[in-house]
Amino acid sequence: MTDTGSTQDLDPVEPVAALADDAGDGSLDAVADEPSEPSDEPSDAVADEASDVAAAESVSTDAEADAEKTALLDEVWDVVVVGAGPAGSSAAYAAATRGRRVLLLDKAEHPRYKTCGGGIIGPSRDSLPPDFKLPLQDRISAVTFALNGKWTRTRRSKRMLFGVVNRDEFDLRLVQAAEQAGAVLLTGVTATGVEQQGGDSRTVFVTLADGRRVEARAVVGADGSASRIGRHVGVSFDQIDLGLEAEIPVPDAVSGEWAGRIHLDWGPLPGSYGWVFPKTDSGTLTVGVISARGQGEQTKQYLADYIRRLGLSGFKPLVESGHLTRCRAEDSPLSRGRVLVAGDAAGLLEPWTREGISYALRSGRLAGEWAVQVAEANGAADVRRQALNYSFAIKAGLGVEMRAGKIMLDSFEKRPHMFHLAVSLINPAWRAFARTTQGHTTFAQIMRDHRAARKLASVAGR
């Protein structure tokens, strides 16, 4: 259920390995010489000429593409969004639907692989553009809970709990929705920072790795958990976790056993847990674990043990990857001048589960809406007012949820067995879990409205 934002800028993480099936060396067997015969093949001179023409056309195409990129970068945009993950695409969509000129920048070409379980819970679904078609790989209605491989129990819901997607497909469709709304996508560019004059300056510059700059009236930083734009804003974190994940292709018979069901294992390290998300249509299982940063070897061993206990160690992973999730400190800024941050770049994610897609979609939409207001602001005071309005909107919604999530994580770290017993055996606790994933309630609402939930968190946290 973890998530990261755009691939605009990611820290290297140890241990991370990328595996692929061995490819052939491309060699061909020698062919015996045969008597020469008349041939219809073009002569060497003609072939060379054709090659020169093709090369010239390629150079011409590259030159045209570079000229088009330069023209886009030379314009002044209402809103520039850095990072085309869920937060960035949502911000670009929100600003573009309001008729503003929006440029969406990303280092990567879409589609691209993302380290993520791909769970689309109710709040994520409710934050998507109208008529958005979710590329669902599976529909989840059952959860198998385990406590470090023991005391396993499966709970089922009559209604779907959430859906599962491949992030490459999901993110691509979000980008396409932003483009259809009018945003302009420019990939293959790396943002390195922001320059703004302050005072009554009406614009801000995003600096690029090649030395060029793009000018905008407002900027949204959505460039992932190692965000360059976040550094400019001054985002700070009080929780950093390491997630490790393996994308494992399995036979149809094994995939069928997992259809419609996920696995959650409360792990051996404080605050850790593991997950299995089935990508049934693709015939893969996403298996991952997460725990606090600083325990890399133990986390790696937990993943290996988890895969072995599940009976999946005999299948070769297609991809093995890792990432850091960063959760903002409560007093961390969300803006600076004409620059707003959203999603992982702002450290916005659920602290206990480390779920980030719904936070990215919701904060991205708000950032896009308020970036329009910042772009239209007259004078420094008006800019500050609109940026503060964005911060208030985030803190009143996602901030309240994060505060409750941190209470849950603190209690879970100390007594994971109590949480396991609650969701496994106590029907009201299971229903609360189910309703949260479906989007009918939140951890904050549960803590506010149910004395039993507050009591559980209090006792577990002692």
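Since we're looking at a predicted model, the values are computed, not measured.

Topic: the overall build of the chain
Reasoning step 1: Within the chain, the secondary structure is distributed over 13 helices and 18 strands.
Reasoning step 2: In the chain, which comprises 462 residues, the proportion classed as buried is 53%.
Reasoning step 3: Restricting to contacts in the chain with at least 6 residues of sequence separation, those with at least 24 account for 77%.
Reasoning step 4: With the model as given, the accessible surface of the chain reaches about 20,900 Å², and the carbon-plus-sulfur share is 50%.

Examining the environment of Arg-403
Reasoning step 1: Relative to the assigned elements, Arg-403 resides in helix α9 (residues 379-414).
Reasoning step 2: Look at Arg-403 and you get partly exposed, because its relative accessible area is 41%.
Reasoning step 3: Residues Arg-403 and Glu-330 lie 73 residues apart in sequence; the distance between their C-alpha atoms is 8.2 Å.

Thoughts on the sheet that holds strand β3 (residues 119-120)
Reasoning step 1: Taken in spatial order, the three strands make up an open sheet running β3-β7-β4, and their pairing is antiparallel. Lying at the two open borders of the sheet, with one neighbouring strand each, are β3 and β4 (136-140).
Reasoning step 2: Where β4 and strand β7 (residues 162-165) come together, four bridges link them in antiparallel fashion. Counterpart to Ile-140 in the pairing with β7 is Phe-162.

Side note on a nonpolar patch on the surface
Reasoning step 1: Residues Leu-421, Leu-425 and Ile-426 make up a contiguous nonpolar surface patch of roughly 280 Å² in combined accessible area.
Reasoning step 2: Mapping Leu-421 onto the fold places it in helix α10 (residues 416-425).

Quick look at the side chain of Gln-386
Reasoning step 1: Locating Gln-386 in the fold gives a position in helix α9.
Reasoning step 2: Accessibility expressed as a relative area gives 12% for Gln-386, which makes it buried.
Reasoning step 3: What Gln-386 contacts, discounting residues up to four positions off in sequence, is Trp-370, Gln-373, Val-374 and Ala-377.

What to know about the nonpolar core
Reasoning step 1: Val-80, Leu-105 and Val-206 are the most contacted members of the largest nonpolar core, which totals 60 residues.
Reasoning step 2: No other element matches the eight residues that helix α8 (residues 357-376) contributes to this core.
Reasoning step 3: Residues in contact with Val-80, not counting those within four places in the same chain, are Leu-103, Leu-105, Val-206, Val-214, Glu-215, Ala-216, Ala-218, Val-219 and Val-220.

Each value, and the rule that gives it
Residues numbered from 1 in each chain as written. Predicted model: local features only at pLDDT ≥ 70, side-chain atom pairs only at ≥ 80, totals over all residues. Heavy atoms only, no water. Helix = DSSP H or I, 4+ residues; strand = E, 2+ residues; numbered from the N terminus. Buried < 20%, exposed > 50% of the residue type's maximum accessible area, 1.4 Å probe, protein only. Contact = heavy atoms within 4.5 Å. Areas by Shrake-Rupley, 256 points an atom, 1.4 Å probe, with all protein chains shown as cover. Pairing = 2+ DSSP bridges. Patch = residues over 30% accessible without salt bridge, like charges linked within 9 Å, V, L, I, M, F, W, Y side chains within 5 Å. Salt bridge = Lys/Arg side-chain N within 4 Å of Asp/Glu carboxyl O. Core = buried A, V, L, I, M, F, W, Y, C linked by side-chain atoms within 4.5 Å.

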